[in-house]
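Per-entry structural report
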Amino acid sequence: MALQCGIVGLPNVGKSTLFNALTAAKAESANYPFCTIDPNVGVVTVPDQRLEKISDFVKPQNKIPTAMEFVDIAGLVEGASKGEGLGNQFLANIRETDAILHVVRCFEDSDVIHVSGSVDPIRDIDVINTELLLADFETVEKRIKKIEKVAQTTKDAKIKSEYNLIKKVYDALEAGKAARTVVPDEAEVKLYKELHLLTAKPILYVCNVSEDEFSAGGSDLVKKVEERATSENNNTIMICSSLESEISQLEEGEKKEFLESIGAEEPGLNRLIRESYQLLNLITFFTAGEKEVRAWTVRDGSKAPQAAGVIHTDFEKGFIRAETFHCDDLFEYKSESAVKEAGKYRSEGKDYDVKDGDIMLFRFNV
C-alpha cells in the first residue's frame, strides 16, 4: 500500500532536514531556496510496540513492521500557482501525494535566511494555502465551464450529479475555503477523488522550533499555529528538526541515553510518523506465526477480504473466512490457546470490519 505524505512548506523552513532525519536519506539540505528540485521519496517503518509484544509471545524467526512513504517536495513560493519559482512542478508533485505535512517555521535564526525576510508562521501558512487553493480553483473552473451548458439541458442524472458536485466545490474555493470543507454525497465520492484537488488532502501542521523552544514546550508562534489549525479542524505537532537530525544519527545505545537526558521516551519523529499514519486514515493488523510476525496496513473501514488482498491478491479472490482475535487479548491471556479457551477467538466473514490491532489468519481457496 504505497500511500504517501508530502512534506511541503516555504524554502528554508526545515523540510529537508526533517526528511533526512525521517528516512536517513541524503536529500540535500542548504541555506538557500530550491536546493531540493526533484522530490525525494523515502520509505519509513511505522513504530509500533505491539509488534514487539506479539513477538515476545509468539517467538517468531522474524518480525516485519509496516511502512509508509514520505516525499520531500521543494519549497513553494508566492505565485507558485502561476509558475513562480518551480511552481508547476512542485504542485504536480503535491498532487501525487495522499496527505500533506505542512512544515511551518516557528524559530528565529539570523543564520538561516527566511524567503520573506522575517518569521511569521501565519503569513507563511496563508502563502502556501493560497497557492494550493488557486491551483484548485483553476482546475475546477476549467471543469465547470466544460460541463455547465450540458448539465443545464441534459436529462442524464450522472452529468447533473457531476455538475452539482463541481459547483459546490467551485463555490467553496471562490469563497476562499479548502475543497476538504465540501463533504460529497455517497454517490459523489468517486468523482470527488478523481478531481485530485490539492486542498482536499488531509493536512497536518508541523511546527519546527528551536531546541530551547522544544525543551520549553513551545512558544507564542506555535500557539498561533495551533489556533489556526483548530479553526480549520486540522491538527499540529511540534518538532525540532535539527534535534531530530542529531538523534537519528546516534547508535541505539547513545540514542537511549540522549533521550533520557532530555526527558523523552522516544524520538519526536516516532510521534510524527504515527500522526501521519492517522492522517492517512490507516490502521494496522497483524499476522503471527513461527516463521514471522508481521504488521500490515489497511484503510480504516476495510473489510476482511480487502485486508487479505493486501497480503496477496489470491487471498482476496478466494476469501473464505478470517480467523481473528485482538492483540490485547493475547497480551491478557498470554497465548493463542488461552485466547481460544476464553472465547475471544472468532471466525469472521466477508462483511467483517478489520480493527486496528487484529491478529488475523485468512482461509482462502483459489
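Summary of the structure given here. (Residues numbered from 1 in each chain as written. Predicted model: local features only at pLDDT ≥ 70, side-chain atom pairs only at ≥ 80, totals over all residues. Heavy atoms only, no water.)

With respect to a negative patch on the surface
A surface patch of like charges, here negative, comprises Glu251, Glu254, Glu257 and Glu260. Topologically, Glu251 is positioned in the loop between α9 (241–248) and α10 (252–261). (Patch = residues over 30% accessible without salt bridge, like charges linked within 9 Å, V, L, I, M, F, W, Y side chains within 5 Å. Areas by Shrake-Rupley, 256 points an atom, 1.4 Å probe, with all protein chains shown as cover. Salt bridge = Lys/Arg side-chain N within 4 Å of Asp/Glu carboxyl O. Lys, Arg positive; Asp, Glu negative; His and termini not counted. Charge placed at Lys NZ, Arg CZ, Asp CG, Glu CD. Helix = DSSP H or I, 4+ residues; strand = E, 2+ residues; numbered from the N terminus.)

A few points about the packing of aromatic side chains
One pass over the structure, following the stated rule, counts seven aromatic pairs. Taking the ring centre of Phe331 as reference, the NZ or CZ of Lys53 above it sits at 4.3 Å. Over the ring of Trp296 we find Arg294; its NZ or CZ atom is 4.1 Å from the centre of that ring. (Phe/Tyr/Trp six-rings, centres within 6.5 Å; stacked < 30°, edge-to-face > 60°. Lys NZ or Arg CZ within 6 Å of the ring centre and 35° of its normal.)

Structural notes on the side chain of Thr154
Considering the arrangement of structural elements, one finds Thr154 in the loop between α4 (121–153) and α5 (157–174). When its relative accessible area of 18% is taken as the criterion, Thr154 is described as buried. Within polar-contact distance, the side chain of Thr154 engages the backbone nitrogen of Asp156 at 3.0 Å. Discounting chain neighbours no more than four positions away, the residues touching Thr154 are Ile159 and Lys160. (Buried < 20%, exposed > 50% of the residue type's maximum accessible area, 1.4 Å probe, protein only. Polar contact = N/O pair within 3.5 Å; in protein donor to acceptor, adjacent residues only side chain to side chain. Contact = heavy atoms within 4.5 Å.)

Overview of unusual backbone geometry
Positioned with a positive phi, Asn233 is a non-glycine residue whose angle comes to about 60°. In this fold, Asn233 is placed in the loop between α8 (220–231) and β7 (235–239). Classification of Asn233 by relative accessible area gives exposed; the value is 73%. Phi angles above zero are rare outside glycine, and Asn281 is one such case at about 65°.

Some details on the environment of Leu198
Mapping Leu198 onto the fold places it in the loop between α6 (189–194) and β6 (203–208). Residue classification places Leu198 among the buried residues on the basis of a relative accessible area of 0%. Separated by 100 residues in the primary sequence, Leu198 and Asp98 place their C-alpha atoms 9.3 Å from one another. The contact partners of Leu198, leaving out residues within four places of it in the chain, are Leu91, Ile94, Arg95, Ile100, Leu132, Ala135, Asp136 and Arg180.

Interpretation note: all reported values are geometric properties and have no functional meaning in isolation.
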